[in-house]
Amino acid sequence: MKINKVFEFKLKGKRNISSRKPLIIKDKLYVLFLFEEKSYFRSKLICLYINNFDIIWEYDYSFIMNDIMKSVDNNILICTMDGKLKVLNSDNGELLNTFDLELNRIGGSSNIYDEKIVFGGVQGTRYTNCFNLISQKIEWVYETGGHSYTPLIKNENVYLCSENKIRCFKLNSGKLVWEAFEKNSYIFNPIVMGEMIAVGGHGLVNIYDSNDGELLHQIDPAGIRESIRAIRAENNILYFGDSAGIFYAYEIKKGKDLNLKSNKLWEYESGRSIESYPEIYGENILFINDDKKLICLNKYHGEMNWKFNTKGEAKISGIVIENQNIYLSVSKGYVYKLKIID
């Protein structure tokens, strides 16, 4: 597997630019940028043609836009940090609607499931709530007691980490099913691994039973408190990087005593912090880091296949792979389209 650079785009005239993971709808690429202007944070969403990277439209916002998502009718949904959900026409950027989520500060939003989204409060906002896109109403609210991370909806349950706790709620009612406490670390963004839930923290990965919250296993990959924020699971393998720039692959399985065990398959030192989610493509695992690199490894052995030098740090941005093309956006306002050559 090799790559060729097809297009490069740069947002100009801004300073301290960071980016979020791009979004693709049909023949359009949507990229969210954050930047400083007169000592304030602002945001800009840019819509590009996939085939030539020409700008189709732009949407500016006077505060921080956190996430962009695709609705079932192919509109753009934007979660803003000041507690709004905005709906844009994906073809021309027209603002179609704005909903007040009744949260003063919002972090990342969940995936969309059954036309519902869950939002977690940050920066002193101690609540999470569930918004119904059909009724256009908040269905339930729960007091988390602290800073929340990105929620996950799976099988009509919501999994949410707030500071040292992970909780499971019923999506339709907001009823608390279980909660678990991690005494040694804040824990971050949950993912599903079969019947289990995996979350990262400072120097650890915890694996819980998704049905009752029992802690089944803990991985301590480095023996130091590096942050592990984004985990990808495939079958019984966990892939993740940490703030020291080390990327890991761990096999999870039951031992002879039927207790869960982990085995480190390999590790790779990438240079600098890894905060964004890796993506799997065939026999490859790809991720971007703060050493201004897109790195492609063999997912079985951790050997490097290739790396691509970007012109900005990844931070919490990410990559999208579609139709043998890789799309990514990084700091300093750069967006790339790379062609995969098998």
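A. Expanded view of the overall build of the protein. Across its full length, the protein carries 0 helices and 33 strands. Over its C-alpha trace the protein gives a radius of gyration of 20 Å, about what one expects of a compact globule, namely 20 Å for 342 residues. Expressed along its principal axes, the backbone C-alpha trace of the protein runs to roughly 60 × 45 × 35 Å. The 342 residues of the protein split such that 56% are buried.

B. Up close: the pattern of salt bridges. In this structure the tally under the stated criterion is 21 salt bridges. As a salt-bridge pair, Glu37 and Lys14 come within 3.2 Å of each other at their nearest N and O atoms. Taken together, the residues span a long stretch of sequence, with Glu37 in strand S4 (residues 28-37) and Lys14 in the loop between strand S1 (2-10) and strand S2 (15-19) at a distance of 23 residues. A relative accessible area of 29% places Glu37 in the partly exposed class. On the basis of relative accessibility, which here comes to 28%, the residue Lys14 falls in the partly exposed class. We note a salt bridge from Glu267 to Lys264, for which the minimum N-O separation is 2.6 Å. Among the charged side chains, a network of salt bridges with common partners joins Arg272, Asp290, Glu313 and Lys315.

C. Seen up close, the packing of aromatic side chains. By the definition in use, this model includes 16 aromatic pairs. Judged by centre distance (6.2 Å) and plane angle (45°), the rings of Tyr159 and Trp178 are tilted. Taken together, the residues Tyr159 in strand S16 (residues 157-162) and Trp178 in strand S18 (residues 176-181) connect sequence positions 19 residues apart. The class of Tyr159 is buried, set by a relative accessible area of 4%. Here Trp178 falls in the buried class, since its relative accessible area comes to 5%. Centre to centre, the rings of Phe308 and Tyr336 are 5.3 Å apart; their planes meet at 80°, and the pair counts as edge-to-face. Residue Phe308 is found in strand S30 (residues 304-309), and its partner Tyr336 is found in strand S33 (residues 334-341); the two are separated by 28 residues along the sequence. Grouped by ring-pair contacts, the aromatic residues Tyr239, Phe247, Trp266 and Phe287 constitute a single cluster. Between Arg229 and the ring centre of Phe188, over which it is positioned, the NZ or CZ distance is 4.3 Å.

Quick notes on the rules
- Every chain's residues receive numbers from 1 upward, in the order its sequence appears when written.
- Predicted model: local features are reported for residues with pLDDT of at least 70 only, side-chain atom pairs are reported and counted for 80 or more only, and whole-chain, interface and lining totals are derived from all residues.
- In computing side-chain properties, one takes all heavy atoms of the structure into account and sets aside hydrogens as well as water.
- Going along the chain from the N terminus, every DSSP run of H or I of four or more residues is numbered as a helix, and every run of E of two or more is numbered as a strand.
- We take the radius of gyration over the C-alpha atoms and set the globule estimate at 2.2 Å times the residue count to the 0.38 power.
- Buried means the residue's accessible area, taken with a 1.4 Å probe over protein chains only, is under 20% of the maximum for its type, while exposed means over 50%, and partly exposed covers the values in between.
- Salt bridges are defined by distance alone: a side-chain nitrogen of Lys or Arg within 4 Å of a carboxyl oxygen of Asp or Glu.
- Here a pair means two rings of Phe, Tyr or Trp (six-membered ring of Trp) with centres within 6.5 Å. Their orientation is stacked below 30 degrees between planes, edge-to-face above 60, and tilted elsewhere.
- The criterion for a charge sitting over a ring is simple: Lys NZ or Arg CZ within 6 Å of the ring centre, and within 35 degrees of the ring normal.

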